[in-house]
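Chains, contacts and geometry: an overview
Listed below are the residues making up each chain.
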Amino acid sequence: MSSIRQTVFHDRHLQLGAKMVEFGGWDMPLMYPDGIVKEHLSTRKGAGLFDVSHMGRFLFRGTGAVGFLQHVLSNNVEALDGKETGAQYTILPTDSGGAVDDAYLYSFVEGEYLLVVNAANLKKDWEYFQSILPEFEGVEMIDVTEEVVMLSLQGPRSRHILEETTDSGRLPEPKRNAVCKGFVSGQEVLVARTGYTGEPLCFELFVDQTHAPALWDRLLAKGATPVGLGARDTLRLEAGLPLYGHEMGVDPEGREIPLFACAVAKPAVSFSPLKGDFIGRASLMKQFEAYKRIASRDYSLLPDLPRMIRPVAVSGRGVARAGSKIFVGQKMVGFVTSGTMVPMWIFEGEGLTSEPSDRHALRSICLALIDSDILEGDTVNIDIRGKEVPGVVTPFHLRSEAPPWARPIVYDHEGPSAEMPSGDLPVRMHLLLKEAAENTLWRQRECINLIPSEMTLSPMAKLLSVMDPA
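First, a word on what this report is: a plain description of the structure on this page.

Quick notes on the rules
- Residues numbered from 1 in each chain as written.
- Predicted model: local features only at pLDDT ≥ 70, side-chain atom pairs only at ≥ 80, totals over all residues.
- Heavy atoms only, no water.
- Pairing = 2+ DSSP bridges.
- Helix = DSSP H or I, 4+ residues; strand = E, 2+ residues; numbered from the N terminus.
- Contact = heavy atoms within 4.5 Å.
- Polar contact = N/O pair within 3.5 Å; in protein donor to acceptor, adjacent residues only side chain to side chain.
- Phe/Tyr/Trp six-rings, centres within 6.5 Å; stacked < 30°, edge-to-face > 60°.
- Buried < 20%, exposed > 50% of the residue type's maximum accessible area, 1.4 Å probe, protein only.
- Lys NZ or Arg CZ within 6 Å of the ring centre and 35° of its normal.
- Axes fitted to C-alpha atoms, helices over the stretch in contact; angles between N-to-C directions.

The next thing to look at is the pairing of strand 16 (residues 325–328). Sheet topology note: the strand 16/strand 17 (residues 331–348) ladder contains 4 bridges and is antiparallel. From the neighbouring strand, Lys 325 faces strand 17, where its bridge partner is Phe 335. Counting the residues in the hairpin turn of strand 16 and strand 17 gives 2 residues, including Gly 329, whose phi is positive at 65°. In the sheet, strand 16 pairs with strand 19 (residues 379–384) via 2 bridges, with the strands oriented antiparallel. Bridge pairing in strand 19 links Phe 327 to Asn 381.

Have a look at this one:
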């Protein structure tokens, strides 16, 4: 008898013609008949619907729950108010500053906390928590993975689809990590503004397993596209989001990856006095100090954070895969942690007025664990099947600050020349000062300033500052 588990949507995946694979002990859809590229693009332009019920869900409650979670998680649990900030990305740190797992913590009900962990780590995380629980009193921990089903609805049309699906209640505020309760066909659905695709409009839904299939059907009927694990991975890679076992955990040489090697660690780790001491705090503080110095090009604490995860665009022909070595000259400086060919919509127009066209392209991108003194814009060589293929370290592959679109950022490998003006020193200084003065006038005359420390709140600024782009 097979030990592979099935979610409540298994029959629906089969009816839709999904290619099923084993993942983390579950039989899950890798992709549907239209393929990974179509599912990726449909999420970026419409709304993708993901069955994420394979992920582990632990419920914590009781008088000692907050104290326990503060001790075993990296973020400040008391920052959750169950409304505007009812969720937070967090990490299960080790004493040495690595990761047991990364997770998302939700507070929908006062005094209760729902922790979502990676499917492959469910058993490990459960046993890890159970080993620490005896040190705390008044903590009840329940595995609700079977009872509470989880769906993810991501993309620019997700809000419209959810509004069409919800009978009553409200949707979360237009703010990341906000939560609320709604009702579909009279059944309660817990809704959070979270997701792991990089989409600015994103929702994750929690519902009782007996009502979950009907919710799936309604979301598809309103226009959502079913998306499998394949596109889920390309979407998170494009967004530069880590995956445990790749960007977290252990590197290809068997060494623990420090948490602050990932940029997402900064908002996920709290050193607030309100949080107090917690597992790994001292090690993480050392990493954070190194992280701050590295950001200002001070490498005096490099041994505390020798390598960091960086987005890399492959500028030559080839597809970088996890484990590929990266070189600068003859020196091996790190490894690819995740990489593949990712689809993207070609945008038309300029700036925030640009919109996706009907044309798409493919680009080769990756995330890499490389020496911390390698800078954005530096070129590297990636060993792809024995051939050195050029790449360039980039700030990001995708930006999502201007809803409803998540915009791909394609690195211009040629780039404009950044040469200094010619002439003697006084001439060069005069030209640079002239450019600075022109830039200042442009900012004052043609821009609406949303930097709080520099602006007077005009009615227009007030209106703009309550919108999602702010």
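Here the narrative resumes, following the displayed structure.
Turning to the environment of Arg 321, a few remarks are in order. Along the polypeptide, Arg 321 turns up in the loop between strand 15 (307–314) and strand 16. For the pair formed by Arg 321 and Ile 382, sequence separation is 61 residues and the distance between their alpha carbons is 9.6 Å. Residues within four places of Arg 321 in sequence aside, it is in contact with Val 336, Gly 339 and Thr 340. Within the structure, Arg 321 has its side chain in polar contact with the side chain of Thr 340 (distance 3.2 Å).

Under the counting rule described, the total for this entry stands at 17 aromatic pairs. Aromatic side chains Tyr 104 and Tyr 106 sit 5.6 Å apart centroid to centroid with 35° between the ring planes, which places their arrangement in the tilted category. By relative accessible area, which is 11% here, Tyr 104 ends up buried. Of the residues examined, Tyr 106 reaches a relative accessible area of 1% and is grouped as buried. With a centroid separation of 5.6 Å and an interplanar angle of 65°, the aromatic rings of Phe 108 and Phe 206 are classed as edge-to-face. Here Phe 108 is found in the loop between strand 6 (99–106) and strand 7 (112–117), whereas its partner Phe 206 is found in strand 13 (residues 202–208), with 98 residues between them in sequence. Accessibility assignment for this pair places Phe 108 and Phe 206 in one class, buried. By way of ring pairs, the aromatic residues Phe 58, Phe 60, Phe 68, Trp 126, Tyr 128, Phe 129 and Phe 136 are connected into one cluster. One Lys or Arg, Lys 45, reaches over the ring of Trp 345 and ends 4.2 Å from the middle of that ring.

Once that is clear, we can look at the sheet that holds strand 7. Spatial strand order, 5-6-7-4-8: 5 strands in an open sheet with antiparallel pairing. Of all strands in the sheet, those with a lone pairing partner are strand 5 (87–93) and strand 8 (140–143), marking the two edges. Strand-to-strand, the axes of this sheet are offset by a mean angle of 30°, without reference to chain direction. Pairing analysis gives 4 bridges linking strand 4 (residues 56–61) to strand 8, with the strands arranged antiparallel. What sits directly across from Arg 61, in strand 8, is Glu 140. The sheet strands contacting helix 3 (residues 65–72) are strand 4, strand 5, strand 6 and strand 7, and the helix crosses strand 4 at an angle near 130°.

Just distances and angles here, no functional claims.
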